[in-house]
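So the chains spell out like this:
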Amino acid sequence: MRGKVEELRQFPSCRALGPDPLKGIDVDRLHAALVKTTRSLKEALMDQRTLAGLGNIHVAEALNRARLDPRRPGSTMTRAETNRLTDGIREGLRFALDLEDSPEPITYVEEGGENRFLVYDHAGKPCTTCATRIERITQGGRSTYFCPHCQPRWTRKGRRR
Ligand SMILES: [Zn+2]
């Protein structure tokens, strides 16, 4: 495992995550950053001030693993959901690391190469979990990929306390 972490550290966008990128996410800090913004989870997570080191692929994969709507405002997150999101980020990073035999985890999908991500760049293809077609939307000028079934649309309706 140590070797793998060393490999991950070479990956510039992960270096910023802290001493051990797989364990180094400060959940309290992440939650505090999310609940103070009305921006979407996708946009908030792409902001390096929220959590350094996450790229477009990682955010898409993490939100899918956490079953969260990328359009949902950060301010509506509960602590339990931020925990789930944190697990999703860790799992996604680990997956990216395991995908490649090469020393550096993949940060993009090579043209013509196999895409083994769950949702990233899979628009129109069936979700591997539920077979619903993956959708692509644009947020903050970047593509967002998500499964509308696994990541159901968040609505404010009925959630007001
Ligand atoms: Zn799905």
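See the structure above.
Bear in mind that the values here come from a model prediction, so they are computed numbers and not experimental data.

**Q** It is not clear to me how the coordination of the zinc ion should be interpreted in this structure. Could you clarify?
**A** Six octahedral donors around a metal ideally sit at 90 or 180 degrees from one another, while four tetrahedral donors ideally sit at 109.5 degrees. Within the first shell, the zinc ion binds the protein through Cys127 (SG), Cys130 (SG), Cys147 (SG) and Cys150 (SG), at distances of 2.3 Å. One can describe the donor arrangement at the zinc ion as tetrahedral, given that its 4 donor atoms subtend angles of 100 to 112° at the metal. The sequence pattern formed by the donor residues of the zinc ion is C-x2-C-x16-C-x2-C. Here cysteine 127 is found in the loop between helix 6 (79-99) and strand 1 (135-139), whereas its partner cysteine 147 is found in the segment after strand 2 (142-146), with 20 residues between them in sequence. On the accessibility criterion, cysteine 147 (0% relative accessible area) is buried.

**Q** Can you help me understand the nonpolar core in this one?
**A** Side chains of nonpolar character tend, in soluble globular proteins, to be buried together. Judged by nonpolar contacts, the single largest core of 17 residues is most densely connected at Leu30, Leu34, Leu45, Leu63, Leu68, Leu85 and Ile89. Of all elements in the fold, only helix 3 (27-35), helix 4 (41-46), helix 5 (56-65) and helix 6 reach the threshold of two or more residues within this core. Among all residues touching leucine 34, those that are not within four sequence positions of it are Leu41, Ala44, Leu45, Thr50, Gly74, Ser75, Met77, Thr82 and Leu85. The next biggest cluster of nonpolar side chains, apart from the first, holds 10 residues, and it includes Phe117, Val119, Tyr120 and Ile134.

**Q** Before we go on, may I ask you to explain the side chain of threonine 82 in this structure?
**A** Structurally, the position occupied by threonine 82 is in helix 6. Of note is the side chain of threonine 82, whose polar atom sits 2.6 Å from the side chain of histidine 31. Beyond its immediate chain neighbours, meaning those up to four positions away, threonine 82 contacts Val27, Leu30, His31, Leu34 and Met77.

What counts as what
Residues numbered from 1 in each chain as written. Predicted model: local features only at pLDDT ≥ 70, side-chain atom pairs only at ≥ 80, totals over all residues. Heavy atoms only, no water. Donors = N, O, S within 2.8 Å, 3.2 Å for Na, K, Ca; no water. Tetrahedral: all angles 85-135°; square planar, octahedral: opposite > 155°, others 65-115°. Helix = DSSP H or I, 4+ residues; strand = E, 2+ residues; numbered from the N terminus. Buried < 20%, exposed > 50% of the residue type's maximum accessible area, 1.4 Å probe, protein only. Core = buried A, V, L, I, M, F, W, Y, C linked by side-chain atoms within 4.5 Å. Contact = heavy atoms within 4.5 Å. Polar contact = N/O pair within 3.5 Å; in protein donor to acceptor, adjacent residues only side chain to side chain.

Everything listed here is a matter of coordinates, which is why it stays silent on function.
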